[in-house]
Amino acid sequence: MKTNNVYILLTILLSFSMSNAQTLEDYLSIAKQNSSEIKAQNFELEIAKEKVNEVGNLADTNVSFGYFVSTPETRVGAQITKLGVQQQLPWFGTLKAQKDLTKAISETKHFDIDLTERDLNYQVKAAYFELYQKEAITSILKENKQVLTTYETMALAALENNKASMSDVLRIRVQKNELHSKIFQNLNTINALSKNFNRLLQRDANTALVISDDLNVLDILIAKSKVDQHPSLEKLEHLNTIYNQEDLLINKERMPKLAFGLDYILVEERSDLKLVDNGKDIVMPKLALSIPIFTKKHKSKLHQIKIKHEALVSQKEIQRKQLEIALEASVLEIDNAILSVVAAQKNKEETQLAINVDLKAYETGILDYDKILKLQIQKIKYQLMEIEATKKAFIAKAKTIYLTN
């Protein structure tokens, strides 16, 4: 009965653990959701969108009031006060051009957010694959330590029968001690990397992690891709739209500005005379025209826009070349890493075959402990090479995704 209870408890704990297991995609989603930088940039985007409502409005209406300290006399009475109102109107289409320019500027925030998300995804993936390597190294070292323990037991038994020397036993123990030290060093590294990984996800540093242990470089597919959709290039391309909108706005602003107004003058009625329109107030509509005749600022601004367009061509070419160089390096890194993995796997297998041959010979003769120890160390070397190359391949793949998708 007690055994059944223990089994049920273990099943429940295992089910709970599996239900809380997280994949790399889950970690990427958590990182994006918790990212303070992405949140800040989204706020900046909202502010930029709101600025569209800020522009494209008419200038303030001018209202004036004047009181005649010394009242000028007219035939129909003295002028007492003067009220005026005036509204300036920009050239046709100027307000729309202002809104279109501000909207185009606000849209650049989308590219900044996209680039930040790509940077974050790459950082999370790189950190994840570093943890994968360290976890795999720990497993390799523990496995080989157990193998050395078996060799130690065999050597001690052979020592009693004078088929091995004490130096054989000591050499095995020295190697076991080295593996033991490396295991704990690696566990310390995993602990530090795990905390930094959680910090990257902006959550509690001690949150438990689940790292895959079945990454296979042969699953990596390298499709022929281009850097055209990288946000840094798309942002530069979008600058063309902004410059065109600036050009349109400047051409609108260099046109005359109209102003409509109305003045109202209060006239006091004369009591000494009886006249037609005696004390009749004065109403005077006004029309003004503002013409930029003596300014060269608009011409200068248009010339600046032309230079910006020309400079943008060079900027895009430079950025494209840098991205293509980085992409080529990442693809090369993947190719070389896959070759290293295949070579390490083959050498690991060949070394194990040699170990098996020596162990088979042990059944009929004396085991060469020095030789088999060297072979075991060589196998560890190839196992670690395989894991290192696997990590490099997946980090390089993450880099290609950052540069292209």
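Here the structure is shown first, and the text comes after it.
My aim in this report is to walk through the structure given alongside it, one point at a time. Because the structure is a prediction, the values reported are computed rather than measured.

## A closer look at the overall build of the chain
1) Next: If you tally the helices and strands in the chain, you get nine helices and five strands.
2) Next: Counting from the amino terminus, the chain carries its helices and strands in the arrangement α-α-α-β-β-β-α-α-α-α-β-β-α-α.
3) Next: Compactness check: the chain gives a C-alpha radius of gyration of 40 Å against a globular reference of 22 Å for 405 residues, more than 25% above the reference.
4) Next: Dimensions of the chain, computed from the C-alpha atoms along their principal axes, are close to 150 × 60 × 35 Å.
5) Next: Relative to its full complement of 405 residues, the chain shows a buried share of 33%.

## Considerations on the side chain of T94
1) Next: Examined against the element boundaries, T94 turns out to sit in helix α4 (residues 94-106).
2) Next: Once residues within four sequence positions are removed from consideration, T94 is found in contact with L249, K252 and E253.

## Concerning the pattern of salt bridges
1) Next: The full count for this structure, using the stated rule, is 22 salt bridges.
2) Next: Linked through salt bridges whose partners overlap, the residues forming this network are E130, E388, K391 and K392.

## Looking at helix α3 (residues 36-54)
1) Next: The terminal C-alpha atoms of α3, which comprises 19 residues, lie 27 Å apart, in line with the 27 Å expected from a rise of 1.5 Å per residue.
2) Next: Here the buried face of α3 lies against α2 (24-34), α4 and α5 (108-160).
3) Next: Of the residues that open α3, the one with a side-chain oxygen 3.4 Å from the backbone nitrogen of E37 is S35.

## Here's the deal with the packing of α3 against α4
1) Next: Packing of α3 against α4 leaves a shortest axis separation of 8 Å and a crossing angle of 175°. Considering their axes alone, α3 and α4 lie roughly antiparallel with respect to each other. Taken together, the residues of α4 that come into contact with α3 (itself represented by L45, A48, K49, K51, V52 and N53) are K99, T102, K103 and S106.

## Observations regarding the nonpolar core
1) Next: Of all hydrophobic cores here, the largest spans 50 residues; its most connected members are Y27, V124, Y128, Y151, F197, L201 and Y369.
2) Next: Sorting the residues of this core by element identifies α2, α5, α6 (166-200), α8 (297-362) and α9 (369-404) as the ones contributing at least two each.
3) Next: Beyond its immediate sequence surroundings of up to four residues, L201 is in contact with Y27, I30, A31, N34 and V124.
4) Next: Grouped together as the second largest cluster of nonpolar side chains are twelve residues, A104, L236, L249 and L302 included.

## Things to note about the packing of α2 against α5
1) Next: It is at 10 Å that the axes of α2 and α5 come closest, and there the two elements cross at 135°. Between α2 and α5, the angle falls in the class oblique. Note that α2 runs across α5; the crossing there is right-handed. Across the interface between the two elements, L24, Y27, L28, A31 and K32 from α2 touch E117, L120, N121, V124, K125, Y128 and F129 from α5.
2) Next: Of the residues that constitute the contact of α2 with α5, the class distribution is eight nonpolar, one polar and three charged.

## Some words on the packing of aromatic side chains
1) Next: Inspection of every chain in the model, using the stated rule, returns seven aromatic pairs.
2) Next: Ring geometry for W91 versus F92: centroids 5.4 Å apart, planes at 65°, classification edge-to-face.
3) Next: Geometrically, the ring pair formed by F129 and F394 is tilted, given 5.3 Å between the ring centres and 40° between the ring planes. Residue F129 is located in helix α5, and its partner F394 is located in helix α9; the two are separated by 265 residues in the primary sequence.
4) Next: Of the aromatic side chains, those joined through ring pairs into one cluster are Y27, Y128, F129, F197 and F394.
5) Next: Across from the ring centre of Y122, 4.9 Å away, lies the NZ or CZ of K399, which sits over that ring.

## Topic: a negative patch on the surface
1) Next: The grouping of E135, D213, D214 and D219 at the surface amounts to a negative patch.
2) Next: Position of E135 among the secondary structure elements: in helix α5.
3) Next: A relative accessible area of 35% means that E135 is categorised as partly exposed.

## A closer look at a nonpolar patch on the surface
1) Next: Side chains of V63, F65, Y67, V69, L83, V85, L262, Y264, L266 and V283 sit close together on the surface and give an oily, nonpolar patch of about 1000 Å² of accessible area.
2) Next: At the level of secondary structure, the elements contributing two or more residues to the nonpolar patch comprise β1 (62-67), β3 (77-89) and β4 (257-267).
3) Next: Mapped onto the elements, Y67 comes out in strand β1.
4) Next: With relative accessibility at 56%, the residue Y67 sits in the exposed group.

## Let's talk about the environment of N177
1) Next: Relative to the helices and strands, N177 resides in helix α6.
2) Next: Taking the C-alpha atoms as reference, N177 lies 8.8 Å from K145; in sequence the two are 32 residues apart.

## A look at unusual backbone geometry
Glycine aside, residues mostly have negative phi, and peptide bonds are mostly found in the trans state.
1) Next: A positive phi is found at N162, a non-glycine position, where the angle reads about 60°.
2) Next: Within the secondary structure layout, N162 lies in the loop between α5 and α6.
3) Next: By relative accessible area, N162 is classed as exposed at 70%.
4) Next: For Q202, which is not a glycine, the phi torsion comes out positive at approximately 55°.
5) Next: Summarising the element assignment, Q202 is placed in the loop between α6 and α7 (231-253).

Quick notes on the rules
Residues numbered from 1 in each chain as written. Predicted model: local features only at pLDDT ≥ 70, side-chain atom pairs only at ≥ 80, totals over all residues. Heavy atoms only, no water. Helix = DSSP H or I, 4+ residues; strand = E, 2+ residues; numbered from the N terminus. Rg over C-alpha atoms; globule rule 2.2 N^0.38 Å. Buried < 20%, exposed > 50% of the residue type's maximum accessible area, 1.4 Å probe, protein only. Contact = heavy atoms within 4.5 Å. Salt bridge = Lys/Arg side-chain N within 4 Å of Asp/Glu carboxyl O. Expected span 1.5 Å × (residues − 1). Polar contact = N/O pair within 3.5 Å; in protein donor to acceptor, adjacent residues only side chain to side chain. Axes fitted to C-alpha atoms, helices over the stretch in contact; angles between N-to-C directions. Parallel < 35°, antiparallel > 145°, perpendicular 65-115°, else oblique. Core = buried A, V, L, I, M, F, W, Y, C linked by side-chain atoms within 4.5 Å. Left-handed = near helix turned anticlockwise from the far one by under 90°. Nonpolar A, V, L, I, M, F, W, Y, C, P; charged D, E, K, R; others polar. Phe/Tyr/Trp six-rings, centres within 6.5 Å; stacked < 30°, edge-to-face > 60°. Lys NZ or Arg CZ within 6 Å of the ring centre and 35° of its normal. Patch = residues over 30% accessible without salt bridge, like charges linked within 9 Å, V, L, I, M, F, W, Y side chains within 5 Å. Areas by Shrake-Rupley, 256 points an atom, 1.4 Å probe, with all protein chains shown as cover. Lys, Arg positive; Asp, Glu negative; His and termini not counted. Charge placed at Lys NZ, Arg CZ, Asp CG, Glu CD.

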